[in-house]
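Structure assessment
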Amino acid sequence: MRLIFLGAPGAGKGTQARTLAGERGIPQIATGDMLREAVAKGTRLGMEAKSYMDRGALVPDKVVVGLVAERLDQDDAKKGFILDGFPRTVAQAEVLERLLKDRELVVDRVIFFEVSEGELLRRLTGRRVCRGCGATYHLAFSPPKSAGRCDRCEGELYQREDDSEATVRRRLEVYAAQTSPLLDYYRSRGLLTRIAGEGSPEAIGRAIRQAVAR
Ligand code: AP5
């Protein structure tokens, strides 16, 4: 199973990818997580990426494509993967197509999460993430049992720097300009399935499983 999860920032790609990847025993390849890991480690790539991420801009294609190409060659990605947040430009999608073709692979389906702008803003500004295990919470929609602490590992919960309202608005503009053209790109290849991304995470998960089964 080789899937792409496509949608605006806060559409729920990470939440759903984590669950489905766990169920199917395949990796969730999330470029945002990979970049944040590089930032936390203070690598040169991380330092370069941080300046783009902090202002809500996309990291240059060359940097991201290099990361994904290496990740696809790891053993756990041989039986499938969920790409979460990649590709994000038509140029990235074209490179991905070539990378997969070289490995005699294709994408099976692209799941597009449709969510209104007001809901995206509410989700992102209320999101909290665990420093320890990366679990995601929302102050109103899925709060932790004890304030500021992760239910799973008791790690500290923090707000991502790019989840401030001003940066979220910038990320939404970047999405509309640079990522939304991918909808036509994948529609024209017959790969796109649109999912209503509002409602309970469980109902959305069921819709994704049905789309994948088709
Ligand atoms: P990245 O980390 O990929 O951020 P994003 O795409 O902006 O996506 P998010 O993680 O914000 O949202 P999501 O859709 O995963 O939502 P989630 O499930 O967490 O990228 C960050 C930055 O890295 C980019 O801005 C860019 O700089 C760089 N980057 C990354 N990839 C790149 C690429 N390919 N090229 C260039 N640059 C790249 O949910 C959000 C919140 O909503 C959570 O609090 C969650 O609990 C809640 N929630 C989820 N589902 C529901 C539901 N059904 N109902 C209510 N609340 C829900």
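Everything below is about the structure printed above this text.
About the cut-offs
Residues numbered from 1 in each chain as written. Predicted model: local features only at pLDDT ≥ 70, side-chain atom pairs only at ≥ 80, totals over all residues. Heavy atoms only, no water. Pairing = 2+ DSSP bridges. Helix = DSSP H or I, 4+ residues; strand = E, 2+ residues; numbered from the N terminus. Contact = heavy atoms within 4.5 Å. Axes fitted to C-alpha atoms, helices over the stretch in contact; angles between N-to-C directions. 1 Å grid on protein atoms, 1.4 Å probe; cavity = no way out; pocket = protein on both sides within 12 Å on 5 of 7 lines; lining within 4 Å. Points joined across faces, edges and corners; volume = space filled by probe spheres on them. Nonpolar A, V, L, I, M, F, W, Y, C, P; charged D, E, K, R; others polar.

1. Some details on the sheet that holds strand E5 (residues 127–130)
- Strands sit in the order E6-E5-E7 across an open sheet of three strands; the sheet is antiparallel. What marks the edges here is a single partner per strand, and that holds for strand E6 (136–138) and strand E7 (157–158).
- Sitting on the sheet, helix H6 (residues 117–125) touches E5 and E6, and the angle it makes with E5 is about 40°.

2. Some remarks on empty space enclosed by the protein
- Taken as a whole and judged by the stated rule, the model has two cavities of 30 Å³ or more.
- Size it by volume and the largest cavity reaches roughly 50 Å³.
- Taken together, Phe5, Leu6, Gly7, Lys13, Gly85, Phe86, Pro87, Arg88 and Thr179 make up the full set of residues lining the largest cavity.
- Residue contributions to the lining of the largest cavity peak at three residues, all from strand E1 (residues 2–7).
- Estimates place the volume of the second largest cavity at around 30 Å³.
- Taken together, Gln16, Thr19, Leu20, Gly205, Ile208 and Arg209 form the lining of the second largest cavity.
- Where the lining of the second largest cavity is concerned, the elements lending two or more residues are helix H1 (13–24) and helix H9 (201–213).
- Residues belonging to the lining of the second largest cavity are distributed by class as follows: two nonpolar, three polar and one charged.

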